[in-house]
Amino acid sequence: MRHEMLQNTDAVIFDMDGSLVDSMWMWKAIDIEYLGMFKIPMPEDLQTKIEGMSFNETAVYFKEHFSIPVSLEEIMETWNRMAWDKYTHQVPLKKGIPDFLEGCRRHGILLGIATSNSRELVENVAATHSLRNYFTSIVTGSDVERGKPAPDIYLEVAKQLDVVPGRCLVFEDIVAGILAGKNAGMRVCAVEDDYSAHDRDKKRKLADYYIEDYLGLF
């Protein structure tokens, strides 16, 4: 018996970091390491400032805010390189994801990914965990005009899947992403993640559902 949130659902759309894979810890570590290359201490509020930004928008923020003396392309290339090894060897899927994806496929529910991350890294994650065949649509923040909490990225995935927003269920772990899904007219399930533990109450209030993991949803 499928969970009530999956009733009247034609498509499930995942955010990637913190919702599909357990990787939010990694980006803070990369930010600290990257700024350290330029002898810049990481501000305590940095993660809050860049939450929801696309990969490109984040690079622009770093270059302008910290006066990083290299091109945007070099910044993003370095981040991709730093993240590649971690994604391949240190980042697991969220608990219960393999069975949940198989359950969606079995019930004819289409699957998509809407991530602020780079195309290179999301494809790496999909290949590492043998996920690519499950997903009909993968859209990154660079593919749309506005990052989360704007609804653009979720609306683009729905368009590619040919599913109306009201028949889509979004899984998100951060407030900006939850708002993006709601702004797109979709139902949203908030996902527990240590990185956003400080926003747990806000996530519960904003989302339609809340899960600790994906076990037992089918």
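Shown above is the structure to which this text applies.
First, a word on what this report is: a plain description of the structure on this page. (Residues numbered from 1 in each chain as written. Predicted model: local features only at pLDDT ≥ 70, side-chain atom pairs only at ≥ 80, totals over all residues. Heavy atoms only, no water.)

With respect to the side chain of Ser19
We count it as follows: Secondary structure elements are defined from DSSP: runs of H or I of at least 4 residues count as helices, runs of E of at least 2 residues count as strands, and each element is numbered from the N terminus. Type-normalised accessible area, obtained with a 1.4 Å probe on protein chains alone, sets the label of each residue: buried when under 20%, exposed when over 50%, and partly exposed for intermediate values. Polar contacts, as counted here, are pairs of nitrogen or oxygen atoms within 3.5 Å of one another; within protein the pair requires one atom able to donate a hydrogen and one able to accept it, and residues that are adjacent in sequence qualify only if both atoms are side-chain atoms.
Within the secondary structure, Ser19 is located in the loop between strand E1 (11–14) and helix H1 (24–37). A relative accessible area of 0% means that Ser19 is categorised as buried. Of the polar contacts made by the side chain of Ser19, one reaches the side chain of Asp15; its length is 3.0 Å. At a separation of 3.0 Å, a polar atom in the side chain of Ser19 contacts the side chain of Asp173.

Considerations on the pattern of salt bridges
Oppositely charged side chains can pair when the atoms bearing their charge come close. Note the threshold: By definition, a salt bridge exists where a carboxyl oxygen of Asp or Glu is found within 4 Å of a side-chain nitrogen of Lys or Arg.
Within this structure, the stated rule accounts for 14 salt bridges. Across the pair Asp10 and Arg167 runs a salt bridge whose closest N-O atoms are separated by 2.9 Å. Of this pair, Asp10 sits in the segment before E1 while Arg167 sits in the loop between helix H7 (152–161) and strand E4 (168–172), and the two are 157 residues apart along the sequence. Taking the relative accessible area as the measure of exposure, Asp10 reaches 32% and is therefore partly exposed. In this structure, Asp208 and Lys182 form a salt bridge, with 2.9 Å as the shortest nitrogen-oxygen distance. With Asp208 in the loop between helix H9 (200–206) and strand E6 (209–211) and Lys182 in helix H8 (residues 175–183), this pair connects stretches of sequence that are 26 residues apart. The exposure class assigned to Asp208 is partly exposed, which follows from its relative accessible area of 36%. Classification of Lys182 as partly exposed rests on a relative accessible area of 33%. Salt bridges here are not isolated pairs; linked through shared partners, they connect Arg119, Glu123, Arg132 and Asp143.

A word on the state of the cysteines
How we decide: Count a disulfide wherever a pair of cysteine sulfur atoms falls within 2.5 Å.
A complete count under the given rule lists zero disulfides for this structure. Just so you know, Cys104 is unpaired, no disulfide at all, and the nearest cysteine sulfur is the one on Cys189, 12 Å from it. Residue Cys168 stays outside any disulfide, its sulfur separated by 12 Å from that of Cys104, the closest cysteine. On the accessibility criterion, Cys168 (0% relative accessible area) is buried.

Examining the packing of aromatic side chains
Filter applied, for reference: Aromatic rings from Phe, Tyr and Trp, taking only the six-membered ring of Trp, are treated as a pair when their centres fall within 6.5 Å; an angle between ring planes under 30 degrees marks them as stacked, one over 60 as edge-to-face, and anything in between as tilted.
As enumerated under the stated definition, the model contains 17 aromatic pairs in all. Between Tyr34 and Trp79, the aromatic rings sit 5.7 Å apart at their centres with planes inclined by 70 degrees, giving edge-to-face as the arrangement. Residue Tyr34 is located in helix H1, and its partner Trp79 is located in helix H4 (residues 72–89); the two are separated by 45 residues in the primary sequence. Tyr34 sits in the buried class, given a relative accessible area of 2%. Considering the side-chain rings of Phe171 and Tyr214, the 5.2 Å spacing of their centres and the 55 degrees angle between planes classify their relative orientation as tilted. With Phe171 in strand E4 and Tyr214 in the segment after E6, this residue pair connects regions lying 43 residues apart in the sequence. Of the two residues, Phe171 and Tyr214, neither departs from the other in class, the shared state being buried. Through a chain of ring-to-ring contacts, the aromatic side chains of Trp27, Tyr34, Phe38, Phe55, Tyr61, Phe62, Phe66, Trp79 and Tyr87 assemble into a single cluster.

Focus on H7
To keep it simple, the criterion reads: The contact criterion used throughout is that any non-hydrogen atoms of two residues lie within 4.5 Å.
Along H7, the positions that sit buried rather than exposed are Asp152, Ile153, Tyr154, Val157, Ala158 and Leu161. Lining the buried residues of H7 we find E1, strand E2 (110–115), strand E3 (137–140), E4 and H8. Asp162 sits one or two positions beyond H7 and adopts a positive phi of about 60 degrees.

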